[in-house]
Each structure stands twice: as structure tokens, then as C-alpha cells.
Amino acid sequence: MSEELQTERLLLRSIRPADADAITQIVQDPKVYRMLSSVAPNQPKAQTLGWITSHSAAAMADSEHVRAMIVDGDLVGVIGAKRAATGLPFTIGYWLAPKVWGKGLTTEAARGLLSWLEGRGETAFLSGHFVDNPASGRVLHKLGFMRAGRRKLFSLGRGESVEHFDMARLARNA
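Residues numbered from 1 in each chain as written. Predicted model: local features only at pLDDT ≥ 70, side-chain atom pairs only at ≥ 80, totals over all residues. Heavy atoms only, no water.

Participant: Looking at this structure, I do not really get the pairing of strand S5 (residues 90-96). What am I missing?
Facilitator: Each regular strand carries side chains that alternate between the two faces of the sheet. For S5, the tally of buried residues reaches five of seven residues, placing the bulk of the element in the interior. As defined by bridge partners, strand S4 (residues 74-82) adjoins S5 across six bridges and the pair is classed as antiparallel. Across the sheet, the residue bridging to Val78 is Trp95, located in S5. Note that S5 and strand S6 (residues 124-130) share two bridges and pair parallel. Note on S6: the bridge partner recorded for Thr91 is Leu126. Crossover connection from S5 via helix H5 (residues 105-119) to parallel S6: handedness right-handed. (Buried < 20%, exposed > 50% of the residue type's maximum accessible area, 1.4 Å probe, protein only. Helix = DSSP H or I, 4+ residues; strand = E, 2+ residues; numbered from the N terminus. Pairing = 2+ DSSP bridges. Right-handed = clockwise from strand over helix to strand, strands pointing away.)

Participant: Hey, could you run me through a positive patch on the surface in this one?
Facilitator: Positive charge collects at one region of the surface, where Arg111, Arg138, Lys142 and Arg172 lie side by side. With respect to the helices and strands, Lys142 occurs in helix H6 (residues 134-142). On the basis of relative accessible area, Lys142 is assigned to the partly exposed category, the value being 48%. (Patch = residues over 30% accessible without salt bridge, like charges linked within 9 Å, V, L, I, M, F, W, Y side chains within 5 Å. Areas by Shrake-Rupley, 256 points an atom, 1.4 Å probe, with all protein chains shown as cover. Salt bridge = Lys/Arg side-chain N within 4 Å of Asp/Glu carboxyl O. Lys, Arg positive; Asp, Glu negative; His and termini not counted. Charge placed at Lys NZ, Arg CZ, Asp CG, Glu CD.)

Functional significance is not addressed by these values, which are geometric in nature.
Shown next as C-alpha cells:
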């Protein structure tokens, strides 16, 4: 996904190396990294930059599409779609800076990303949330995701396995 997507309040664009400071600062907040499976506490900027540089090749391979959520020129979060192998559904993941929680921005960004993916012919999607993150569950429910299972998932931010709800959704055009 190389093009930018515009929603009512958000610009969803490719993440740039210049975004590394903002991303690193946000994901170092325990309110953020504790709810993610793949972000460690105190993630250094160098690790963020390494992650950013992986996006171009992953997008070219159609295995991952990651976008910055921009509001009034400021990066406030990240949303992405990643698939484990060709032919499998994309898994939707996201995080948002706590200063803008509760404003519907994640739901809006996910609707934009899902619409783009559906326009490409994708027919099913996966996602999920830790059991102790009901706000993320509400976002997924609003998007039409339904619970598909419950399991322990390792959280790098917590350093332990945490109860997790797996969720799934069919495309609107499926």
C-alpha cells in the first residue's frame, strides 16, 4: 500500500524514518506497550528505525501494510495489516497514543484500512486483544469482528503470556 488514505479526520500514510522519535516515545508508554505482543519496554529508537526500514519490502511482497495515523500533522498512532503467508487472511493490529484515546480514531483508521483491503479483494480478516484491554475489544466489535477463540499469547512488553481473545471478520463484500 503505497498510496495515502484519507478518512474524515485522519491521514493514513507510510511510516518514514523521521517518525522514529514520535513512535519510540509513544511505545515507551506502559499503557501502550503492555497491550502489544511485539513491543518491549523501553524500545530504543534504533529498533524502531529497523522496524520502519522493513516496511517497504513487506509491502512489495504484499505481506504487510503499515500506516501512520496522522491528525493535524502529528503522528498519533500506527495501524497495519500483516499476513503470515500468501493466501492467509491479514491480521489487523494497531496502537494509539493515550493522549487521543476515546475519540474513535482507531475505529476510523481501521475502517479506512479494511475498506482499502476489501477493495483489493481480501475476504477475511483476523485480529484480537488481550482480555484486560476491553477498549480494543470494543473497537473490533464496532468493526464487525467476532470472537473466534481464547488463548494465551506472549506479550513482549509484559514478559509473559497473557489471556487473549482471537477475533475474525468476513469482508463486507464476501
